[in-house]
Amino acid sequence: MGLSLQNVDKTVGREIHLTDVNLEFESGSRNVLLGRTLAGKTSLLRIMAGIDRPTRGKVLIDGRDVTGVSVRKRSVAMVYQQFINYPSLTVYKNIASPLKVSGVPKTEIDRRVRETAEMLHLDDLLDRLPAELSGGQQQRIAIARALIKDAQLLLLDEPLVNLDYKLREELRIELQEIFEQREAIVVYTTTEPTEALMFGGHVVVIDEGRILQTGLTPDIYRNPATTKVAEVFSDPPINYLSCAVQGQTACLGEDIEFPLSDHLKALPAANYIFGVRSNHLSLTPTGAADTEIRTKVELAEINGSETFIHVNYDNSRLVVQVDGVYPHRIGMEISIYVNPSSFFVFDEAGVLVTAPARSTLE
Amino acid sequence: MAHIELNEIAHSYLKNPKDESDYALKRIHNAWDDGGAYALLGPSGCGKTTLLNVISGLLTPSKGRVFYSGKNVTDLPPEKRNIAQVFQFPVLYDTMSVFNNLAFPLRNRGVEESEVKKRVLEVAEILDLTPFLKKRAAGLAADAKQKISLGRGLVRSDVAAILFDEPLTVIDPHLKWHLRRKLKEVHDQMKLTLIYVTHDQVEALTFADQVMVMYEGEIVQIGTPQELFENPKHKFVGFFIGSPGMNFLACSVDSNIARVDGAGIVLDDNTAALAQKAQGKMEIGIRPMHLEVHTKSVKGSLPAKVKTIEDQGSFKILTVTMAGHTLRARLPEDQTMPSGEAWLRFPKRWTKLFADGRLVNK
């Protein structure tokens, strides 16, 4: 199956939820919809599902216009952030419910319920009621109910956000394995860059109701089209410094000069925004090409094996992510280093000019 | 300000608890220093919220006593303990201005209006809320609302401690960085006792000087973020902290060699000596970031097969099988990846031994 959205707008009252959305999804594809709270992720899923109608534009399935077709007549399953189950039905009946509604024979229902329950480790809990189970198990029921339908479109709206961190990790790995064996189009929404990277597949970056960029997840991570995409797709936040290029020299912030090399060589003279991710800033030089930034520690956060050091330079807030434990005091003077080969360069309007070359592409 | 002491606390939600498994809190006996930043970290159902409620006075424990600076407060309700609380969802008066929200706890206690104004302006300044003071709370973003909740705790000069129950769970990743930083600054400036409950290891480790890891109603380890990461005293700590968690392999110990189904891993002398006396089920544990991965055989390396390589942006997760066991390694993004075959080295310093789930050390 192929699903496409063409020139989709959605306005509710005076509020614009989506603007000119054009997207294509193929069968068996795994897609992460990445965007901040209120970016329009849920609005988009509801239109894909057929729960809401777009204000303008079309939804096509295999080339056929289904814009006005109700959700009941489509092959779609959805999992929500909240754990939604039938409280008075057992786990078994909860999972069986979509098949019962569509009149599947009893023996067939039984086979599929047991098969799906096993996949989600619910096989020992079939006689229990949802309220007797943990949050993780309740969400497993909702996921099982979505999977048993074998729908062609499987939509998951931040399904793991209300679960414990470790449970998320477990369930994410399991879901990835389950999705790989499915023919369905899977669309999964999240606010977290790390979650998008873990799922791999394709990513759709959305912000303020507009699609900013689409493509293979690691590609977009390494080639964000705009500063906004880089911001939505960086955790820790990406660091920006203003930079003026003249001749073969770059001038960073107030007074740091370095020669242009590697991917920066062909940069025409202009003012730019240089971006660098936290893990590419360091406390010791990584080589002769490194540029030194002298500044003061504003905060050091120790995260077990690594430290996040917050500093300020030229009115920009920077975060340095380094391996090891550095209990630096606030106000301490330090030098941080960056290799110019790891700079993303954006023009003053925030559009990507050049991204670091990758020497380790397999 | 208060030094908080928990004396032989145990709690059961049942009227007539019979055995240990009926207790949500089994035995908690420790002290919390005045002005300390603490985190209670654990999965849902581990008892961390129960413990927080015992400290705040929302719950009277079945056994034991709670002291604030030497005074027995076990039977006192929260309002008599001078505790401020910040919950997962901001609790505010939506129709009131930010100023009036911040002033509420003071006016409620009959504080003079000139003093109210002084405190509110001070706290608003610390939390960057000054520009919003006249705005209605309803129209603000989630992170600003959460700052108001925090501000309502901070305005009171008599507050003994501030308790946080998952305060950042519903906040977007990029705003978490800002709020976490604010919390640390507040702690630094005001020297308040802060107790922070979370299931999220990054929040716990970056926030607290001392992290208490809870599991099934007990505190299994108290330590600095570094101690918990490098020397987990309990298998659960190794599993729960770190992403992915520690690798564990069942083994037998033969002088200074841990044997894992045919593979021999060398232990450091101290661990090897202690292992002779240790009893129970033996396992070695190593963190994914400490497991060395080579593309060729090197001295002391063991052969393994590569199952998957996941690109996580700033690092890669390699899943391998060695002697029938699955292990995960966390590698820098620019390291050359093996394909098919890999050779693993277990650095002695980072290879830990566990007997019946407990770390074998001094």
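Given the structure is predicted, the values throughout are model-derived calculations rather than measurements. (Residues numbered from 1 in each chain as written. Chains lettered and ligands numbered in written order. Predicted model: local features only at pLDDT ≥ 70, side-chain atom pairs only at ≥ 80, totals over all residues. Heavy atoms only, no water.)

Following the criterion strictly, the structure yields 36 salt bridges over all chains and no others. Note that Arg294 of chain A and Glu292 of chain A form a salt bridge whose closest N and O atoms lie 3.2 Å from each other. With a relative accessible area of 63%, Arg294 of chain A lands in the exposed category. By relative accessible area, Glu292 of chain A is classed as partly exposed at 31%. In this structure, Glu185 of chain B and Arg181 of chain B form a salt bridge, with 3.4 Å as the shortest nitrogen-oxygen distance. One end of the pair, Glu185 of chain B, and the other, Arg181 of chain B, are both in helix H5 (residues 173-190), four residues apart, so they sit about a helical turn from each other. For Glu185 of chain B, a relative accessible area of 22% translates into the label partly exposed. In the salt-bridge network here, residues are joined through shared partners; they are Glu298 of chain A together with Asp128, Arg181, Lys182 and Glu185 of chain B. (Salt bridge = Lys/Arg side-chain N within 4 Å of Asp/Glu carboxyl O. Buried < 20%, exposed > 50% of the residue type's maximum accessible area, 1.4 Å probe, protein only. Helix = DSSP H or I, 4+ residues; strand = E, 2+ residues; numbered from the N terminus.)

On to the side chain of Ser342 of chain A, then. Residues and elements named next belong to chain A. On the secondary structure map, Ser342 appears in the loop between strand S19 (333-338) and strand S20 (344-347). Classification of Ser342 by relative accessible area gives buried; the value is 10%. Here Asn339 takes part through its backbone oxygen, which lies 2.8 Å from a polar atom of the side chain of Ser342. Residues contacting Ser342, with those up to four places away along its chain left out, are Gly275, Val276, His280 and Pro356. (Polar contact = N/O pair within 3.5 Å; in protein donor to acceptor, adjacent residues only side chain to side chain. Contact = heavy atoms within 4.5 Å.)

On to the environment of Arg119 of chain B, then. Residue and element names in this part refer to chain B. Note that Arg119 resides in helix H3 (residues 113-126). Owing to a relative accessible area of 13%, Arg119 belongs among the buried residues under this scheme. Between the alpha carbons of Arg119 and Lys134 there is a distance of 16 Å; along the sequence they are 15 residues apart. In this structure, Arg119 is in contact with Leu106, Leu154, Val155, Arg156, Ser157 and Met190, ignoring residues within four places of it in sequence. Polar contacts involving the side chain of Arg119 include one to the main-chain carbonyl oxygen of Val155, which spans 2.8 Å.

Turning our eyes to something else, we now look at the confidence of the model for chain B. Taken over all residues, the pLDDT of chain B has a mean of 92, while the share at 70 or more is 100%. Quick note on the complex model: pTM equals 0.90, ipTM equals 0.87. (pLDDT = per-residue confidence, 0-100.)

Here we take up the sheet that holds strand S5 (residues 71-72) of chain B. Residues and elements named next belong to chain B. Strands sit in the order S2-S1-S4-S5 across an open sheet of four strands; the sheet is antiparallel. Each edge of the sheet is formed by a strand with only one pairing partner; in this case those strands are strand S2 (25-32) and S5. By the bridge criterion, five bridges tie strand S1 (residues 4-11) to strand S4 (residues 63-68) in an arrangement that is antiparallel. The partner of Ile4 across the bridge, within S4, is Tyr68. (Pairing = 2+ DSSP bridges.)

For the bond from Asp235 of chain A to Pro236 of chain A, the omega torsion is 5 degrees, close enough to zero to count as cis. Of note, the bond from Ser243 of chain B into Pro244 of chain B is cis; its omega dihedral lies within 30 degrees of zero at -5 degrees. By secondary structure assignment, the location of Pro244 of chain B is in the loop between helix H8 (235-240) and strand S11 (247-250). Unusually for a residue other than glycine, Leu38 of chain A sits at a positive phi of about 70 degrees. Along the chain, the position of Leu38 of chain A falls in the loop between strand S3 (30-34) and helix H1 (41-49). On the basis of relative accessible area, Leu38 of chain A is assigned to the exposed category, the value being 81%.

Now for the packing of helix H2 (residues 91-101) of chain A against helix H4 (residues 135-148) of chain A. Residues and elements named next belong to chain A. Viewed as axis vectors pointing N to C, H2 and H4 meet at an angle of 30 degrees, and their least axial separation amounts to 8 Å. By the angle between their axes, H2 is roughly parallel relative to H4. When you trace H2 past H4, the crossing you get is right-handed. Of H4, the residues touching H2 (which contributes Val91, Asn94, Ile95, Ser97, Pro98 and Leu99) are Ile141, Ala144, Arg145 and Ile148. Of the residues belonging to the contact of H2 with H4, the class tally is seven nonpolar, two polar and one charged. (Axes fitted to C-alpha atoms, helices over the stretch in contact; angles between N-to-C directions. Parallel < 35°, antiparallel > 145°, perpendicular 65-115°, else oblique. Left-handed = near helix turned anticlockwise from the far one by under 90°. Nonpolar A, V, L, I, M, F, W, Y, C, P; charged D, E, K, R; others polar.)

Looking now at the sheet that holds strand S21 (residues 352-355) of chain B. Residues and elements named next belong to chain B. Strand order in the open sheet formed by four strands is S11-S15-S21-S22, with antiparallel pairing between adjacent strands. Strands at the two margins of the open sheet, each flanked by one partner only, are S11 and strand S22 (358-359). Pairing of S21 with S22, which is carried by two bridges, proceeds in the antiparallel orientation. Counterpart to Phe354 in the pairing with S22 is Leu359.

With that out of the way, let us pick up the packing of aromatic side chains. Summed over the entire model, instances satisfying the criterion amount to 18 aromatic pairs over all chains. On the basis of an interplanar angle of 20 degrees and a centroid distance of 5.2 Å, the ring pair of Phe236 of chain B and Phe240 of chain B is categorised as stacked. Highlighted residues: Phe236 of chain B and Phe240 of chain B, both in helix H8, separated by four residues, approximately one helical turn. The exposure classification of Phe236 of chain B matches that of Phe240 of chain B, with both residues buried. One aromatic cluster in this structure is built from Phe258, Tyr272, Phe274 and Phe343 of chain A. When the ring centre of Phe239 of chain B is taken as origin, the NZ or CZ atom of Lys166 of chain A, which lies over that ring, is 5.0 Å away. Against the face of Trp177 of chain B rests Arg180 of chain B, its NZ or CZ located 4.4 Å from the ring centre. (Phe/Tyr/Trp six-rings, centres within 6.5 Å; stacked < 30°, edge-to-face > 60°. Lys NZ or Arg CZ within 6 Å of the ring centre and 35° of its normal.)

The next point concerns the interface of chain B and chain A. Contact with chain B, which involves 38 residues of that partner, is made by 42 residues of chain A. Together chain B and chain A conceal approximately 3600 Å² of surface at their shared face, both sides included; 51% is due to carbon and sulfur atoms. In terms of surface lost to chain A, no three residues of chain B exceed Trp177, Arg181 and Glu333 of chain B, which account for 21% of the buried area on that side. The shortest N-O distance in the salt bridge between Arg180 of chain B and Glu301 of chain A comes to 2.8 Å. The tally of links between chain B and chain A comes to 17 residue pairs in polar contact (both at pLDDT 80 or more). The biggest single contributor to the side of chain B that touches chain A is H5 of chain B, with eight residues. Tallied by class, residues from the side of chain B that touches chain A come to 12 nonpolar, 14 polar and 12 charged. (Buried area = accessible area lost by both parts, 1.4 Å probe.)

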